[in-house]
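# Understanding the architecture of this molecule
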Amino acid sequence: EAFADYVKIFIPEKRIVTLQTMKNMERKLPEDRFSRIHRSFIVAHNKVQSFSSSEVEVNGVKLPIGKNYKEGFLSLMRQKNTL
C-alpha cells in the first residue's frame, strides 16, 4: 500500500514500511505473481480471495481496483482462474 513516499508491505506476521515509490516497488516484483490494481495498491495473485469489476478481496480486506489498472488485472485473473 502506498503511504506518501513510503510503501507498506503486509505479510502474515507483520507490516514493513520502506522508503520507496510504488512505481519502484512494482518494477522489483515479478509480474507473474504480483499486479498493481490501483495507484495505491499492489497485490499478490495467490492472496486474492475474490474479485469483481470494482474491488479485490485479500485476507478479508476489500481493495479498490483503479480504472487505469482494471482491464489488465481482470483479464489476467480470469485467465489464471481458467487455467
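Note that the structure is a prediction, hence the values are computed from the model and not measured.

### Some points on a nonpolar patch on the surface
Taken together, the side chains of Phe 3, Tyr 6, Val 17 and Leu 19 make up a nonpolar region of the molecular surface, amounting to roughly 410 Å² of accessible area. For Leu 19, the position within the fold is in strand 3 (residues 14–19). For Leu 19, a relative accessible area of 62% corresponds to the exposed category.

### With respect to the sheet that holds strand 7 (residues 55–58)
An order of 6-7-8 is seen for the 3 strands of this open sheet, with the pairing classed as antiparallel. Here the strands that pair on one side only, and so sit at the sheet edges, are strand 6 (48–51) and strand 8 (61–64). Mean inter-strand twist for the sheet, computed between neighbouring axes without regard to direction, equals 30 degrees. As paired strands, strand 7 and strand 8 are joined by 4 bridges and run antiparallel to one another. Counterpart to Glu 57 in the pairing with strand 8 is Lys 62.

### Topic: the nonpolar core
In terms of nonpolar packing, the biggest core is built from 11 residues, these being Ile 37, Phe 41, Val 43, Val 48, Val 56, Val 58, Leu 63, Ile 65, Phe 73, Leu 74 and Met 77. Among the elements of the structure, strand 5 (41–44), strand 7 and helix 2 (70–82) are those that each provide at least two residues to this core. Examining the composition of this core, we find that 3 residues originate from one element, helix 2, more than from any other. Discounting residues that sit within four places of it in the chain, Ile 65 has contacts with Ile 37, His 38, Ser 52, Ser 53, Ser 54, Glu 55, Val 56, Lys 70, Phe 73 and Leu 74.

### A look at the side chain of Gln 20
Relative to the helices and strands, Gln 20 resides in the loop between strand 3 and helix 1 (22–28). Overall, the relative accessible area of 14% leaves Gln 20 in the buried class. Reaching out from Gln 20, the side chain makes a polar contact with the side chain of Asn 24 at a distance of 2.9 Å.

Parameters and conventions
Residues numbered from 1 in each chain as written. Predicted model: local features only at pLDDT ≥ 70, side-chain atom pairs only at ≥ 80, totals over all residues. Heavy atoms only, no water. Patch = residues over 30% accessible without salt bridge, like charges linked within 9 Å, V, L, I, M, F, W, Y side chains within 5 Å. Areas by Shrake-Rupley, 256 points an atom, 1.4 Å probe, with all protein chains shown as cover. Salt bridge = Lys/Arg side-chain N within 4 Å of Asp/Glu carboxyl O. Helix = DSSP H or I, 4+ residues; strand = E, 2+ residues; numbered from the N terminus. Buried < 20%, exposed > 50% of the residue type's maximum accessible area, 1.4 Å probe, protein only. Pairing = 2+ DSSP bridges. Axes fitted to C-alpha atoms, helices over the stretch in contact; angles between N-to-C directions. Core = buried A, V, L, I, M, F, W, Y, C linked by side-chain atoms within 4.5 Å. Contact = heavy atoms within 4.5 Å. Polar contact = N/O pair within 3.5 Å; in protein donor to acceptor, adjacent residues only side chain to side chain.

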